[in-house]
Amino acid sequence: MRLRTVLSAAALLLAAASLAAGCGSAPKSSSPAAAGGKPLEVGLVFDIGGRGDKSFNDAAYAGLDSAQKHLGIHYTTLETSEGADREAQLRQLAASDAQIIFGVGFLFTDDIKTLAKEFPDKKFACVDYTVNPGDSLPPNLAALKFREEEGSYLVGALAALLTKTNTVGFVGGMEIPLIHKFQAGFVAGVKAVNPKAKVLVKYAGTTGQAFRDPTKGKELGLSEYQGGADIIFHAAGSTGLGVFEAAREQKKLAIGVDSDQYDEAPGFILTSMVKRVDTAVYDTIRDLQQGKFQGGVHVFGLADQGVKWVYDDRNKSLIPDAVKAKVDSLQAQIVAGAIRVPTEP
């Protein structure tokens, strides 16, 4: 699957109907794409934290909203919590008119695979699907995965080149292999350009709550800043908003994740490691609409702009040209295969 840049929408969801409490649905589009016939029906269940996390879930919604605007689809979204709630909501969408159902987050892996087998006439896609060794996917299921370690390596190198204390920090959400990829890439990037730099590492917890606890994020952020870190990278969902609050209080820098998070703490966000969940969602919908949907594993990395780091007019004053050039050089080496970024700490 080819990844291409798509305009991310920030419009608020207009609720026209609900399937259950916490359910939202977009109105039928008047787009020319939908004028010739019935629009494609899409269902999506958000990860823990839901809409408004300014990160992972909002990125998925942006792709969905862009598809409504530019492809003329109709969508229904559901919020979720932990446990059986996820399976029930996926099943509710599978039993509806939805032609493709998205689960946003690795926690959907087992349930979405089961339902894909149970509903062979529907298409399914899972962001951050966990693929185990020897695992086989039903042909109607697309696993959307990212090389988070590659983008994390670049922001790690950036932090190591700019630190004034020779200490930087990482705050993870739930301690799981997926977030270990962010940590591993970040630490590797730091050590590649500044071997003497120290990296402080803390996690918010071992359950899904670790991704939606800004109070805990602030506590961990303050601990690392007070421990000498002057730049902290978070991979913690809405928990990371607490890290930004700590950065403001301590007048230090933080690095956002998944989406460009500059607006959450202007002047205190050095950059963000963007994970193009929006584009992956959009492209999957587009491919189905065009009859090109393919099940199996789809991996997005630096080479196809599936991950990137933010450098624009809002943050470039924080990044000297020589530092930008160094990070760009590292990116070119990763894309060329000259640098292999680790996925485990």
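Heads up: the structure comes first, above all this text.
Everything in this summary refers to the structure shown in the same document. Per chain, the residues get numbers from 1 upward, laid out in the order the sequence is written. Since the coordinates come from a predicted model, pLDDT governs what is reported: local features require at least 70, and pairs of side-chain atoms require 80 or more to be given and counted, while whole-chain, interface and lining totals use all residues. Hydrogens and water are ignored here; the side-chain numbers use all heavy atoms of the structure.

Looking now at the overall build of the chain. Numbering goes from the N terminus for both helices and strands, where a helix is a DSSP run of H or I of at least four residues and a strand is a run of E of at least two. Across its full length, the chain holds ten helices and 13 strands. Three labels apply to residues, based on accessible area from a 1.4 Å probe with only protein chains included: buried if under 20% of the type maximum, exposed if over 50%, partly exposed otherwise in between. For the chain, with 345 residues in total, the buried portion stands at 57%. Taking all contacts inside the chain whose residues are at least 6 apart in sequence as the whole, residues at least 24 apart take part in 69%. Working note: accessible area of the chain is about 13,800 Å², and carbon and sulfur atoms make up 51% of it. Should any heavy atoms of two residues lie within 4.5 Å, those residues are counted as being in contact. Here the accessible surface of atoms and residues is derived via Shrake-Rupley with a 1.4 Å probe, and residues count as covered only by protein chains that are part of the display.

This next bit is on the sheet that holds strand β7 (residues 167–174). A strand pair is defined by DSSP finding two or more bridges across the two strands. Sheet architecture is open: six strands sit in the order β8-β7-β9-β10-β11-β13, paired in mixed fashion. What marks the edges here is a single partner per strand, and that holds for β8 (198–205) and β13 (307–309). Taken pair by pair, the neighbouring strands of this sheet meet at an average axis angle of 15 degrees, ignoring direction. Looking at chain direction, β7 and strand β9 (residues 231–235) are connected through four bridges and run parallel. Each bridged residue has a counterpart across the sheet, and for V171 the counterpart in β9 is H234. In this analysis an axis means a line fitted to C-alpha atoms, helices contributing only their contacting stretch, and an angle means the value between N-to-C directions, from 0 to 180 degrees. Against the sheet, helix α8 (residues 240–250) touches β7, β9, β10 (253–258) and β11 (269–275), its axis set at about 160 degrees to β10.

Let's shift gears to the pattern of salt bridges. The salt bridge definition used is simple: a Lys or Arg side-chain nitrogen within 4 Å of an Asp or Glu carboxyl oxygen. Taken as a whole, this structure holds 20 salt bridges when the rule is applied. One salt bridge in this structure joins R91 and E118, with 2.6 Å as the shortest N-O distance. Placement of the pair is R91 in helix α3 (residues 85–94) and E118 in helix α4 (residues 109–118), with a sequence separation of 27 residues. Given a relative accessible area of 42%, E118 falls into the partly exposed group. In this structure, E245 engages R248 in a salt bridge whose closest nitrogen and oxygen atoms are separated by 2.7 Å. With E245 and R248 both in helix α8 and three residues apart, this pair spans about one turn of that helix.

Here E41 shows up in strand β2 (residues 41–45). With a relative accessible area of 8%, E41 lands in the buried category. Each polar contact in these results corresponds to two N or O atoms within 3.5 Å; when the atoms are within protein, one needs to be able to donate a hydrogen and the other to accept it, and residues that are neighboring in sequence are counted only if both atoms are side-chain atoms. A distance of 2.6 Å separates polar atoms of two side chains, one belonging to E41 and the other to H74.

A few words now on the environment of G256. Along the chain, G256 falls in strand β10. For G256, a relative accessible area of 0% gives the class buried. Separated by 13 residues in sequence, G256 and I269 place their C-alpha atoms 6.8 Å apart. Excluding anything up to four places from it in sequence, G256 contacts F233, H234, F244, Q261, I269, T271, S272 and M273.

What makes a nonpolar core is a set of buried Ala, Val, Leu, Ile, Met, Phe, Trp, Tyr and Cys residues whose side-chain atoms join them at distances within 4.5 Å. In this structure, V42, I73, F102, I179, F186, F233 and I285 are the most contacted members of the largest nonpolar core, which totals 87 residues. Per-element accounting of this core gives the leading share, eight residues, to helix α5 (residues 148–162). Those residues within four positions of F233 in sequence are excluded, and the remaining contacts are S152, V155, G169, F170, V171, F182, F186, I255, G256, V257 and M273. With 17 residues, the next largest nonpolar core counts L93, A98, F119 and A143 among its residues.

This part is about α4. The complete set of buried residues in α4 reads T109, D111, I112, K113, L115 and A116. Lining the buried residues of α4 we find α3, β4 (100–104), β5 (123–127) and β6 (141–146).

Before going further, it helps to examine the environment of A94. Mapped onto the elements, A94 comes out in helix α3. Residue class for A94 comes out buried when judged on its relative accessible area of 2%. Along the chain, A94 and F119 lie 25 residues apart, while their C-alpha atoms are 7.2 Å from each other. Residues contacting A94, with those up to four places away along its chain left out, are I101, F119, K122 and F124.

For D128, which is not glycine, the phi dihedral falls at a positive 70 degrees. Mapping D128 onto the fold places it in the loop between β5 and β6. Positive phi, close to 55 degrees, is recorded for K251, a residue that is not glycine. Summarising the element assignment, K251 is placed in the loop between α8 and β10. The class for K251 is exposed, based on a relative accessible area of 67%.

In short, shape yes, function no, at least from these values alone.
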